[in-house]
Protein chains: 2
Amino acid sequence: MMSKVEAKTNPAPEEVVEIISRGLASEAILTLFARCRVHYDGRAKSELGPGDRVIIIKPDGSFLIHQKNKREPVNWQPPGSMVSFSLEDGVVRLRSVRRKPKEILEVELIETYLASYFLAEDYEELALTGSEAEMAELIFENPRLIEDGFKPLFREKPIRHGIVDILGRDRDGNLVVLELKRRRADLHAVSQLKRYVDTLSEEHGNVRGILVAPSLTSGARKLLEAEGLEFKKVKPPKREEKKRGRQKTLFD
Amino acid sequence: MMSKVEAKTNPAPEEVVEIISRGLASEAILTLFARCRVHYDGRAKSELGPGDRVIIIKPDGSFLIHQKNKREPVNWQPPGSMVSFSLEDGVVRLRSVRRKPKEILEVELIETYLASYFLAEDYEELALTGSEAEMAELIFENPRLIEDGFKPLFREKPIRHGIVDILGRDRDGNLVVLELKRRRADLHAVSQLKRYVDTLSEEHGNVRGILVAPSLTSGARKLLEAEGLEFKKVKPPKREEKKRGRQKTLFD
DNA sequence: TATTTTATATCGTGC
DNA sequence: GCACGATGTAAAATA
């Protein structure tokens, strides 16, 4: 039986290949510390010269190459990519291919400082609160947060050019479009709202547009006023009872 | 002198703390394989129950918690965050704090399968080609790609509501706004272009708007036509001589 | 599969 | 620090 974790420091190329091979076969998370070169070609194309990086290959095909700074991997491949490897003249090469769009990632391991795998067991999903979806729920529960007499009618309503967050009517029966943003709203948010209002105005008279967000950028406020649109300050709620990620059980 | 890499499998809590301590002190990349719980509160709020994850803490404060699937970390903290740790009753806790916006990430290590650090040396930056910036260069070099007689005048030109990618004139002297997209353009891109055209139309007559991209979504094409805007097919070039990331040298 | 939109988006640039 | 827009954005929801 395989152990849950295996790690070899300063492994020989043959040992690197051995650990990669066992890790891939067993649906483990592979982690390498290595000096390497990276070549990528696909939607764009990049080269990365020799340096020390952390390489992670997940059982779903996700492939991450991390430098010592930043939250983002310097190179990567998304889930569903197919990984392979080779050992020639003492050099280990990793190759990950994504089918559509066609993208290839190649890593040349110059020197490997650590090769490891981790048979991770994880049945929990993230339970997150404070999302835009929860803002929408809040407004449906308490429409007065927008204004007295506001009646929400549709959520995620497709119209000709796009999908409206919330569509409703005000106390005078006017159609009202709400565009929700969980964070400070910018010019893009205003343009989006205007697109919805313009589209609906073609078939309905006097359509109001309200941007619902915790705050506005200076430019967004200017454009909003210039376009005759409105703003209502609402913060995304952090619920006590978090929306739970679906919990997988042994009986799934 | 510290070694470049250190890794201990199934370490005792005291050994975990020892490695974390040395790793943080030496600007190393810390990597843990552990069964853990995670709590996050900041722009949003989340809980993650017990499970096996890969935890990476970088010298710039970036903090990543990866499950066995997906390209994205399930929880994280961006660069600049401050990390601390504690050992109480045999339980190791990690805490990362971001100042603005105020965000706190806490990890409770239930069981640690591997604790490691990696003194990564890396002086290379990614050299990437095929970006929108290179599309813009291409158009300035060869304006006929847009149309005969097109004269590009400004790049990244601030106007009242936003920043135009390329502003120029056609052979008849009409103002022309180009909005560039390196990939298939969507509704959002059309709205952006329309905002620029609307803004400039207030002060200039007959402003043309051209969306420049390798392709359009069906919805984008419909909206573009409805708004009287134009499309020109251009793919981002992959240059032979890549734009090189600034190379740091010993003499920087 | 294609489209649309959100995101604890992150990141870079300019003011 | 804020504002603005790109990203090999990724991921989710939907048709």
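Peer 1: Account for the protein's contact with DNA strand C, naming residues and giving values.
Peer 2: If you check the shell around DNA strand C, you find 32 residues, and the closest are Arg182 and Tyr196 of chain A together with Arg43, Arg184 and Thr217 of chain B. When atoms of DNA strand C within 4 Å of the protein are split into backbone and base, the sugar-phosphate part holds 79%. For DNA strand C, a phosphate oxygen lies 2.8 Å from a polar atom in the side chain of Trp76 of chain B. Where the surface near DNA strand C is concerned, the elements lending two or more residues are β11 (162-169) and α3 (187-201) of chain A together with β5 (75-77) and α4 (218-226) of chain B. Here the residues of the surface near DNA strand C sort into 10 nonpolar, 7 polar and 15 charged.

Peer 1: I'd like a description of the protein's contact with DNA strand D, backed by residues and values.
Peer 2: As a matter of local geometry, DNA strand D sits amid 31 residues, with Trp76, Gln77 and Arg184 of chain A together with Arg71 and Arg183 of chain B nearest to it. Backbone atoms, meaning sugar plus phosphate, form 79% of the atoms of DNA strand D positioned within 4 Å of the protein. Between Glu103 of chain A and DNA strand D, the recorded distance is 3.0 Å, taken from a side-chain N or O atom to a base nitrogen. Elements represented by at least two residues in the surface near DNA strand D include exactly β5 (75-77), α3 and α4 (218-226) of chain A together with β11 (162-169) and α3 (187-201) of chain B.

Peer 1: Tell me about the pairing of strand β12 (residues 175-180) of chain A, and name the residues and values.
Peer 2: Residues and elements named next belong to chain A. Most of β12 is tucked away, with 6 of its 6 residues classed as buried. Residues Leu175, Val177 and Glu179 line one face of β12 and the alternating positions Val176, Leu178 and Leu180 line the opposite face, and both faces are buried. Here 4 bridges tie β11 to β12, and the two strands are oriented antiparallel to one another. Residue pairing in the sheet places Arg169 in a bridge with Leu175 of β12. Hairpin geometry of β11 and β12 is characterised by an intervening segment of 5 residues between the two adjacent antiparallel strands and by a positive phi of about 85 degrees at Gly173. Summarising the sheet, β12 and strand β13 (residues 208-213) pair through 5 bridges and their orientation is parallel. Its bridge partner being in β13, Val176 is matched across the sheet by Arg208. Between the parallel elements β12 and β13, the chain passes through α3 in a crossover that is right-handed.

Peer 1: Residue-level account of the interface of chain A and chain B, with values.
Peer 2: Each partner contributes to the interface: chain A provides 74 residues, whereas chain B provides 74 residues. For the pair chain A and chain B, the two sides together bury roughly 6,200 Å², of which 59% comes from carbon and sulfur. Across the chain A-chain B interface, the total number found is 10 salt bridges. Of the charged contacts in the structure, one is a salt bridge between Asp41 of chain A and Lys238 of chain B, with a shortest N-O distance of 2.8 Å. The tally of links between chain A and chain B comes to 37 residue pairs in polar contact (both at pLDDT 80 or more). In terms of residue count, strand β3 (residues 45-57) of chain A provides more of the side of chain A that touches chain B than any other element does, 11 residues in total. Of the residues contributing to the side of chain A that touches chain B, the split by class is 28 nonpolar, 21 polar and 25 charged.

Peer 1: Would you mind going over the pattern of salt bridges in detail, with residue names and values included?
Peer 2: Residue and element names in this part refer to chain A. For the structure shown, the criterion picks out 48 salt bridges over all chains. Residue Glu202 is joined to Arg160 by a salt bridge in which the shortest nitrogen-to-oxygen separation is 2.2 Å. In this pair, Glu202 sits in the loop between α3 and β13 while Arg160 sits in the loop between β10 (151-159) and β11, placing the two residues 42 residues apart along the sequence. What makes Glu202 exposed here is its relative accessible area of 54%.

Peer 1: Tell me about the packing of α3 of chain A against α4 of chain A, residues and numbers included.
Peer 2: Residues and elements named next belong to chain A. Between α3 and α4, whose axes approach to 8 Å, the crossing angle comes to 25 degrees. With respect to their mutual orientation, α3 and α4 come out roughly parallel. For the pair α3 and α4, contact is made by Leu187, Val190, Ser191 and Leu193 and by Gly219, Ala220, Leu223 and Leu224, respectively. Its residues assigned to classes, the contact of α3 with α4 shows 6 nonpolar, 2 polar and no charged.

Peer 1: Help me get a handle on the relation of the copies chain A and chain B, residues and values and all.
Peer 2: When chain A is fitted to chain B, the residual RMSD is 0.1 Å, and the transformation amounts to a turn of 180 degrees plus an axial shift of 0.0 Å. Overall, the copies show the geometry of a two-fold rotation axis. In terms of C-alpha distance to the rotation axis, chain A has Ser191 of chain A as its closest residue, with the C-alpha 3.1 Å off the axis. Mapped onto chain B, 99% of the interface residues of chain A are again interface residues, and the two copies thus contact each other with one and the same surface.

Parameters at a glance
- Residues numbered from 1 in each chain as written.
- Chains lettered and ligands numbered in written order.
- Predicted model: local features only at pLDDT ≥ 70, side-chain atom pairs only at ≥ 80, totals over all residues.
- Heavy atoms only, no water.
- Near = heavy atom within 4 Å.
- Polar contact = N/O pair within 3.5 Å; in protein donor to acceptor, adjacent residues only side chain to side chain.
- Helix = DSSP H or I, 4+ residues; strand = E, 2+ residues; numbered from the N terminus.
- Nonpolar A, V, L, I, M, F, W, Y, C, P; charged D, E, K, R; others polar.
- Buried < 20%, exposed > 50% of the residue type's maximum accessible area, 1.4 Å probe, protein only.
- Pairing = 2+ DSSP bridges.
- Right-handed = clockwise from strand over helix to strand, strands pointing away.
- Contact = heavy atoms within 4.5 Å.
- Buried area = accessible area lost by both parts, 1.4 Å probe.
- Salt bridge = Lys/Arg side-chain N within 4 Å of Asp/Glu carboxyl O.
- Axes fitted to C-alpha atoms, helices over the stretch in contact; angles between N-to-C directions.
- Parallel < 35°, antiparallel > 145°, perpendicular 65-115°, else oblique.
- Least-squares fit on C-alpha atoms with pLDDT ≥ 70 in both.

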